[in-house]
Amino acid sequence: MPLLRMERITKTFPGVVANDRIDLAVDRGEIHALLGENGSGKTTLMNALYGLHRPDSGRILLDGAEVRFSSPMDAIAAGIGMVHQHFMLVPPLTVVENIVLGLKTANAPRSPLLDLRTAAARVRELAATYGLDIDTGAQIWQLPVGAQQRVEILKALYRDADLLILDEPTAVLAPSEVRHLIGVLRGLAASGKAVIFISHKLNEVMEVADRISVLRGGRLAGTVAAAETDPAELARLMVGRDIVPPRRREGRAGDPVLRIEALRVRDDRGLRAVDVVGFSLSSGEILGIAGVDGNGQKELTEAIAGVRAIESGALDLTGLAPSRGERFRNIGHVTEDRHHTGLLMSFPLWENLALKSSDRPPFGSPLWLRVDAMRRATARAIETFSIRAQGPDSPVSALSGGNQQKLVLARELGLRPRLLLAAQPTRGLDVGATEYIHQRLLAARDEGMAILLVSTELDEVLALSDRVLVMYEGRAMGLVDAGEATRETVGMMMAGMERHEAAVQGGT
């Protein structure tokens, strides 16, 4: 008998059928992957399981008994835990304080007293059992993102979860952290727990899952055993067609657009994040920045874009004044966090599209705005960029992640910049949206735009870039032409195992 069975689950929102008679079964000791495009209904289905939504029809059974959840507390009490893509942690609190937060007692149900020492001992015991190494006394803000995710998993295990839902668990993890997480999940499954693994990364799904269910357009497209399928078949199930990998044509680099020499930049804590980095970037070229997240890429792009001060070094942009304001207004910048720095989530599409150009034609001037022009431009962008939205007045928060990212790209490319900074442009996107973003970047390059591509996805960097610069601990480890860039060569540099001095000194 399956631990979980969801039968003919249907959930509708105004104008949208999010889940249409979906069946899903998950066994004890199984890692069951859930795939689908952005907006395919994955999150809605899991929210129904976790008590965040009430299904319109259908039923949910745990160990053969039908259950009805009115809130996440009901689901937690029934042995279901969920780790959301955006962690639900309180940064100033310690690890153990976050884990017991919301419980009636720190050791529920064993003691009526708030005994954090006993709770910490229990957390350490769970961490040792499942290979989730953590400092229980550390504050959340002090922990890297991989450790914060381990806190979320421990929080669910502390509440005796038998079924663990992980929503895009590898989206912000370094490769080494992904490998560790996969080992943790296998250990959980081996202990008899069930795991639902939501992801867009087909290779990781193939590596970790026992079975895979694919949603498309709110319906179940199929459930297959991982051993009997491959990424190409899964992609076809997700989007209903074959996915064409990006084909980078040999570019013709033009005149230099950006030149950086011996750049130094500090992070928000005042520590040096970019340390003597130099390179040049020409029109009609994509320069890829490879490296594990947190090695200075964010600070580098923010310094170029004018939103972060430069400590020392030279930064020259052809045709632009050196001021930070001039750079901010005229450089296209796809930021790595579309929710916090790329979009105003409660604003409609048309206001987001005009954010950086509302004071210039055709949208207006410093004294007046042409809202009608903004709406017309947004309607064109919806059609041109295949954005799934009801219209220019729809709030951005109503869009899926992939469609939000398309809107950001439409806005930044609409500036017609000579230089585009594309930081993690496909983070958290499905294969269909990723394919579209890749096509647009390559097309912009072929039209003469200079593009600085920052991505932790090594395959993405290698597929799109004309040259690859590798960063490690804030320094440039090497600059490699596309024809010479291999996973092995670049991977060694990402681990700090090789260093080319020419790149550090600002070579071309």
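Before reading on, note that the structure itself is shown above.
Residues numbered from 1 in each chain as written. Predicted model: local features only at pLDDT ≥ 70, side-chain atom pairs only at ≥ 80, totals over all residues. Heavy atoms only, no water.

Colleague: Give me helix H8 (residues 231-239): which residues, what numbers.
Modeller: Within H8, the full set of buried residues consists of Leu234, Ala235, Leu237, Met238 and Val239. In this structure, the buried residues of H8 make contact with strand E3 (31-36), helix H7 (202-208), strand E9 (211-216), strand E10 (219-225) and helix H15 (431-446). Capping of H8 at its N-terminal end is provided by Asp230; its side-chain oxygen lies 3.1 Å from the backbone amide nitrogen of Ala232. Count one or two residues on from H8 and you reach Gly240, which has phi positive near 80 degrees. (Buried < 20%, exposed > 50% of the residue type's maximum accessible area, 1.4 Å probe, protein only. Helix = DSSP H or I, 4+ residues; strand = E, 2+ residues; numbered from the N terminus. Contact = heavy atoms within 4.5 Å. Polar contact = N/O pair within 3.5 Å; in protein donor to acceptor, adjacent residues only side chain to side chain.)

Colleague: Hey, could you go over the sheet that holds strand E2 (residues 16-26) for me, with residue numbers and the actual values?
Modeller: The four strands lie next to each other as E2-E1-E4-E5, forming an open sheet whose pairing is antiparallel. The two strands at the open ends of the sheet, each matched to only one other strand, are E2 and strand E5 (65-67). Going across the sheet, the axis of each strand differs from the next one's by a mean of 30 degrees, ignoring polarity. Judged from the five bridges that link them, strand E1 (residues 4-13) and strand E4 (residues 57-62) form a sheet pairing that is antiparallel. Bridged to Met6 within E4 is Ile60. In this fold helix H1 (residues 42-49) packs onto E1, E2 and E4, with an angle of close to 115 degrees to the strand it touches most, E1. (Pairing = 2+ DSSP bridges. Axes fitted to C-alpha atoms, helices over the stretch in contact; angles between N-to-C directions.)

Colleague: So what's going on with the pattern of salt bridges? Which residues, and what values?
Modeller: Side chains that differ in charge, positive against negative, can pair when their charged atoms come close. Inspection of the entire model under this criterion finds 30 salt bridges. Among the salt bridges present, the one from Glu125 reaches Arg122, with a minimum N-O distance of 3.3 Å. Of this pair, Glu125 and Arg122 both sit in helix H4 (residues 116-130), separated by three residues, roughly a single helical turn. You can call Glu125 partly exposed: its relative accessible area is 47%. Note on Arg122: relative accessible area 22%, which makes it partly exposed. For Arg272, the salt bridge is made with Asp275, and the minimal N-O distance between the two is 3.9 Å. Note on Asp275: relative accessible area 18%, which makes it buried. One continuous salt-bridge network, built from bridges that share partners, spans Arg264, Arg266, Arg272, Asp275, Glu311 and Arg475. (Salt bridge = Lys/Arg side-chain N within 4 Å of Asp/Glu carboxyl O.)

Colleague: Residues and numbers for the nonpolar core, please.
Modeller: Residues Leu185 and Ile212 are the most contacted members of the largest nonpolar core, which totals 54 residues. In this structure, Leu185 is in contact with Ile31, Leu166, Val195, Phe197 and Val208, ignoring residues within four places of it in sequence. Counting residues in each nonpolar core, the second largest holds 35 residues, with Leu349, Trp350, Met374 and Phe385 among its members. (Core = buried A, V, L, I, M, F, W, Y, C linked by side-chain atoms within 4.5 Å.)

Colleague: For empty space enclosed by the protein, give the residues involved together with the corresponding values.
Modeller: Over the atoms rolls a probe the size of a water molecule, and its path tells where empty space is left. Under the criterion given, the structure shown has one cavity of 30 Å³ or more. Taken as a whole, the largest cavity spans an internal volume of roughly 70 Å³. Along its surface, the largest cavity is lined by Leu132, Gly146, Gln149, Arg150, Ile153, Leu173, Glu177, His180, Leu181 and Val184. For the lining of the largest cavity, the secondary-structure elements that each account for two or more residues are helix H5 (145-158) and helix H6 (175-190). When grouped by side-chain class, the residues that make up the lining of the largest cavity number five nonpolar, three polar and two charged. (1 Å grid on protein atoms, 1.4 Å probe; cavity = no way out; pocket = protein on both sides within 12 Å on 5 of 7 lines; lining within 4 Å. Points joined across faces, edges and corners; volume = space filled by probe spheres on them. Nonpolar A, V, L, I, M, F, W, Y, C, P; charged D, E, K, R; others polar.)

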